[in-house]
Amino acid sequence: MSSSATFTAAREQGRAALVGYLPVGFPDVPTSVAAMQAMVAGGVDVVEVGLPYSDPLMDGPVIQRATQAALDGGARTSDAFTAVRGVADAGAPALVMTYWNLIDRYGVQRFAGDLAEAGGSGLITPDLLPDDADDWFAASEKHDLDRVYLVAQTSTPKRLAMTAGASRGFLYAASLMGVTGVAAIGAGAAELVARCREVTDMPVCVGLGVRTAEQAAQVAGYADGVIVGTAFVQALAEAPDPESGVAAVRALAAELADGVRSGSAVRA
Amino acid sequence: MTETTTRVEDAARLVDQTGPYFGRFGGRYVPEALVAALDELDAAYTGALVDPEFTGRLAELHRTYSGRPSLITEVSRFAEHAGGARVLLKREDLNHTGSHKINNVLGQALLTRQMGKTRVIAETGAGQHGVATATAAALLGLDCVVYMGEVDTERQALNVARMRLLGAEVRPVTSGSRTLKDAMNEAMRDWVTNVADTHYLIGSVAGPHPFPAMVRDFQRIIGVEARAQMLDTVGRLPDVICACVGGGSNAMGIFHAFLDDTGVELVGFEAGGDGVETPRHAASIGGGEVGVLHGSRSFILQDADGQTRESHSISAGLDYPGVGPEHSWLHELGRARYESVTDDEAMQAFKLLCRTEGIIPAIESAHALAGALREGRRLGPDGVVLVNLSGRGDKDVDTAARYFDLVDADGTAHTDGETP
């Protein structure tokens, strides 16, 4: 099931959606799934299930450390489906976010089939360009899955239009030039969203550099979705034990959801 | 004519391949944020190749700064161990900074200036590419940051000092396996963040398009010179060309001018480490499978899930779990052959060249020398083998001294005991 229904519902409520990221397997598979469910209970509308990769070139130190720990703990591709099932059980759309080699290795058709069967909504591909993605286009069409590509401030108008045209579900606008969790969201994000609006009616979500309720409120004033990753990972990483980590994730989700609602009110 | 050299005749000229794809290999697997910079680079480099001012400036630097054309040296005492075949070395070790890396670096540094960028970043394994980049940055007045795996900063301490003397900042990389692949990840992250004023000066024929084609084009001068030198001094083309292959830039550099000479066998020697049958090697073609790493599709070392496997080689410059996409294509076409050479074989060839010819090769290049011994024995006395001696071994003296037990555990040299 596409995540677009969730964005439509949020839109009808006059607000942006909150999208939360956590990697499966950190600190272990059961805790990561419990934390994803806690995000949903706290007010996250859509969950990005991170699938750890050995060479995460879009990720900053916090997510690098967490995903490396997950791999050291034995995280496998199949664990992503376990997490997707857990999120779907909690009532939220789950999209897997990972680097292309893992999908390529699993087999694009096979991955799409197993993801759909697990109740997943789609896939976010930070290092796959629509230019090079015919087999994923076909597989996602066949299994009714979202194709979420990233756009950046350096994307030309032509590439924005091409990428939006190839996407399904929503468009992921990278708020700044850089990797996850290092810098705070910049002024260019609103402008990028405005440029996306010129070429598509599809929901546009903003990620990279959003970690506080205040920033979430600000982004909710102009975007359809607010994506938070590093802050959730940090909440889990800094907790003294898994239980309090899961609780901290839930509390952060609630805080960010409040932020999104207050920011959306300004927009409305 | 052998089986491997006949299939090519059906194809278009192999030298004309410019990417983004080499067969099913290559492409661009990168964040969208980098696409504009890659397009800009592609346009700048494509234009530069046909711009007489650019090519003239580069040729002048080659002549007056790096010392090109590099020599061809026939090594007859070494060749006595190679079945009596004639063995000739293309002396890239004699270039300024001590390896072939300078060829690519000067080209890309000039392009950086042309694009109006003021900062270059680079990844390095052995330090050869880092030193070359720091050198070109000093020459052309560019800021320079070199990413180097922490493991490599330890085994190549002298090159770290060299880069710093040249004014570059060296950032040790502590993530992942702390070697070349992780240095490349970190350089990519820097580039995504600073792409407005920064050029990522990739040192091999790897990475997203246009890097594999561009780096090859800046390195192909090796083969262009060698081809003319062979005709001039030997009167014919070699039977076999041997080169070591990590990412594969020196090998593409010497292979390229010969790609359509179907009588010339091209052989790339990957780092076999403890042996390709063990988990500890760096032979991506010989012991890997097709996947995506660092922006392109090629043969890579990976586990069942597609996680990158750690590579191992005594040579830091070959210690990389991927290989340039054009090599994968040449392998699949059967135009080039790829074999592996273990650490021990490479070190024996290293020692042999030192003792028979008075040339200390880079340990990377010693893999090609070990290959040349095999090829020469196969060909016998009528054979002619050309080896790309891609770098000199000064940086490896410490590693070699330990390998041959010339130093105590604390690094102090001793003069007793047997010479190796």
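Parameters and conventions
- Residues numbered from 1 in each chain as written.
- Chains lettered and ligands numbered in written order.
- Predicted model: local features only at pLDDT ≥ 70, side-chain atom pairs only at ≥ 80, totals over all residues.
- Heavy atoms only, no water.
- Helix = DSSP H or I, 4+ residues; strand = E, 2+ residues; numbered from the N terminus.
- Buried < 20%, exposed > 50% of the residue type's maximum accessible area, 1.4 Å probe, protein only.
- Areas by Shrake-Rupley, 256 points an atom, 1.4 Å probe, with all protein chains shown as cover.
- Domains from an automatic or database assignment.
- Contact = heavy atoms within 4.5 Å.
- Buried area = accessible area lost by both parts, 1.4 Å probe.
- Polar contact = N/O pair within 3.5 Å; in protein donor to acceptor, adjacent residues only side chain to side chain.
- Nonpolar A, V, L, I, M, F, W, Y, C, P; charged D, E, K, R; others polar.
- Pairing = 2+ DSSP bridges.
- Axes fitted to C-alpha atoms, helices over the stretch in contact; angles between N-to-C directions.
- pLDDT = per-residue confidence, 0-100.
- Expected span 1.5 Å × (residues − 1).
- Salt bridge = Lys/Arg side-chain N within 4 Å of Asp/Glu carboxyl O.
- Core = buried A, V, L, I, M, F, W, Y, C linked by side-chain atoms within 4.5 Å.
- Right-handed = clockwise from strand over helix to strand, strands pointing away.
- Phe/Tyr/Trp six-rings, centres within 6.5 Å; stacked < 30°, edge-to-face > 60°.
- Lys NZ or Arg CZ within 6 Å of the ring centre and 35° of its normal.

Q: How would you explain the overall build of chain B if you had to name every residue and give the values?
A: Summing up its helical and strand segments, chain B has 17 helices and 14 strands in all. Dimensions of chain B, computed from the C-alpha atoms along their principal axes, are close to 60 × 55 × 50 Å. Burial analysis of chain B (420 residues in total) assigns 64% to the buried set. Carbon and sulfur atoms form 50% of the exposed surface of chain B, whose accessible area is close to 14,300 Å².

Q: Outline the domain arrangement of chain B, listing residues and values.
A: Residues and elements named next belong to chain B. Under the domain assignment used here, chain B contains domain 1 (28-64 + 101-210) and domain 2 (67-98 + 216-403). The centre of domain 1, based on its C-alpha atoms, is set 22 Å off from the matching centre of domain 2. On the domain 2 side, the residues contacting the 38 residues of domain 1 number 41 residues. Counting each side, the surface lost to burial between domain 1 and domain 2 is near 3,100 Å², with a carbon and sulfur contribution of 58%. It is Tyr29, Asn103 and Val205 in domain 1 that bury the most area against domain 2; as a group they hold 22% of the surface buried on that side. Our count for the contact surface shared by domain 1 and domain 2 stands at 12 residue pairs in polar contact (both at pLDDT 80 or more). Elements that contribute at least two residues to the side of domain 1 that touches domain 2 include exactly α2 (35-49), α3 (52-66), α5 (101-114), α6 (128-140), α7 (150-155) and α9 (180-194). The element best represented in the side of domain 1 that touches domain 2 is α5, accounting for 7 residues.

Q: Describe the interface of chain A and chain B, and please don't skip the residues or the numbers.
A: At the junction of the two partners, chain A supplies 34 residues and chain B supplies 35 residues. Taken together, both faces of the contact between chain A and chain B bury some 2,900 Å²; the carbon and sulfur share is 46%. Counting residues per element, the ones that place at least two in the side of chain A that touches chain B are α3 (61-72), α5 (100-106), β6 (150-151) and α8 (157-166) of chain A. The dominant element in the side of chain A that touches chain B, judged by the number of residues it contributes, is α5(A), at 5 residues. Per-class residue counts for the side of chain A that touches chain B are 17 nonpolar, 9 polar and 8 charged.

Q: Before we move on, could you go through the sheet that holds strand β7 (residues 169-173) of chain B and cite the residues and values that matter?
A: All names here are of chain B. Pairing is parallel in the open sheet, where 4 strands are placed in the order β7-β6-β5-β8. In this open sheet, the two strands that pair with only one neighbour each are β7 and β8 (198-200). The sheet shows a mean angle of 25° between the axes of neighbouring strands, direction not considered. One ladder, built from 3 bridges, connects strand β5 (residues 119-124) with β8; its direction is parallel. Looking across to β8, one finds that Ile121 is bridged to Tyr200.

Q: Quick one: what's the story with the pairing of strand β2 (residues 46-50) of chain A, residue by residue and with numbers?
A: Residues and elements named next belong to chain A. Burial within β2 is extensive, with 5 of its 5 residues counted as buried. Of the two faces of β2, the one lined by Val46, Glu48 and Gly50 and the one lined by Val47 and Val49 are each fully buried. Pairing between β2 and strand β3 (residues 94-97): 4 bridges, direction parallel. Residue pairing in the sheet places Gly50 in a bridge with Met97 of β3.

Q: Lay out the confidence of the model for chain B with the relevant residues and their values.
A: On average, residues of chain B score 94 in pLDDT, and 96% of them reach the 70 mark or higher. Residue range residues 1-9 of chain B is modelled with pLDDT below 50. Its contacts to residues more than four positions away, or to other chains, number 18 contacts.

Q: Quick rundown of helix α16 (residues 363-379) of chain B? Include the residues and the values.
A: At 3.6 residues per turn, the α-helix brings residues three or four places apart onto the same side. Residue and element names in this part refer to chain B. In a regular helix each residue adds 1.5 Å, so 17 residues correspond to 24 Å; α16 covers 24 Å between its end C-alpha atoms and thus fits that length. Burial within α16 is extensive, with 13 of its 17 residues counted as buried. Positioned one or two residues after α16, Gly380 has a phi angle of 80°, which is positive.

Q: Let's hear about the pattern of salt bridges: which residues, and what values?
A: Residues and elements named next belong to chain B. Per the counting criterion, the structure on display carries 43 salt bridges over all chains. Between Arg24 and Glu332 there is a salt bridge; the shortest N-O distance is 2.5 Å. One end of the pair, Arg24, is in the loop between β1 (21-22) and β2 (25-26); the other, Glu332, is in helix α14 (residues 325-333), with 308 residues separating them in the sequence. A relative accessible area of 45% places Arg24 in the partly exposed class. Its relative accessible area of 37% is what places Glu332 among the partly exposed residues. Taking the shortest distance from any N to any O, the salt bridge between Glu345 and Arg374 comes out at 2.9 Å. Here the residue Glu345 occupies a position in helix α15 (residues 343-357), and Arg374 occupies one in helix α16, the gap between them amounting to 29 residues.

Q: Tell me about the nonpolar core, and name the residues and values.
A: Residues A:Val49, A:Trp136, A:Phe232 and B:Phe255 are the most contacted members of the largest nonpolar core, which totals 196 residues. Residues lining this core come from more than one domain, with at least three contributed by each of domain 1 (28-64 + 101-210) and domain 2 (67-98 + 216-403) of chain B. What A:Phe232 contacts, discounting residues up to four positions off in sequence, is A:Gly20, A:Tyr21, A:Leu22, A:Met39, A:Val44, A:Val249, A:Leu252, A:Ala253 and A:Leu256. In this structure, B:Phe78, B:Leu89, B:Cys242 and B:Ala282 belong to the second largest nonpolar core, which totals 35 residues.

Q: A description of the sheet that holds strand β1 (residues 17-23) of chain A should follow, citing residues and the corresponding values.
A: Residues and elements named next belong to chain A. Here we have 9 strands laid out as an open sheet, ordered β5-β4-β3-β2-β1-β9-β8-β7-β6, and parallel in their pairing. Each edge of the open sheet carries a strand with a single partner, namely β5 (146-148) and β6. Here helix α9 (residues 188-199) sits on the sheet in contact with β6, β7 (171-174) and β8 (204-207), set at roughly 160° to β8.

Q: Quick one: what's the story with the pairing of strand β10 (residues 265-273) of chain B, residue by residue and with numbers?
A: Residues and elements named next belong to chain B. Within β10, 9 of the 9 residues are buried, which leaves it mostly tucked inside the rest of the structure. As paired strands, strand β9 (residues 240-245) and β10 are joined by 6 bridges and run parallel to one another. In the strand pairing of β10, Val240 is matched with Glu265. The parallel pair β9 and β10, bridged by helix α12 (residues 249-255), forms a crossover whose chirality is right-handed.

Q: How would you explain unusual backbone geometry if you had to name every residue and give the values?
A: Here the residue pair B:Gly19 and B:Pro20 is connected by a cis peptide bond, since its omega of 0° sits within 30 degrees of zero. Of note, the bond from B:His209 into B:Pro210 is cis; its omega dihedral lies within 30 degrees of zero at 15°. Relative to the helices and strands, B:Pro210 resides in the loop between β8 and α10 (211-219). Although it is not a glycine, A:Asp144 sits at a positive phi angle of roughly 60°. Summarising the element assignment, A:Asp144 is placed in the loop between α7 (134-142) and β5.

Q: Provide a residue-level description of the packing of aromatic side chains, including the pertinent values.
A: All names here are of chain A. All told, the structure shown has 13 aromatic pairs over all chains when counted by the stated rule. Considering the side-chain rings of Tyr106 and Phe111, the 5.5 Å spacing of their centres and the 85° angle between planes classify their relative orientation as edge-to-face. Accessibility expressed as a relative area gives 14% for Tyr106, which makes it buried. The exposure class of Phe111 is buried, given its relative accessible area of 0%. One Lys or Arg, Arg110, reaches over the ring of Tyr106 and ends 3.9 Å from the middle of that ring.

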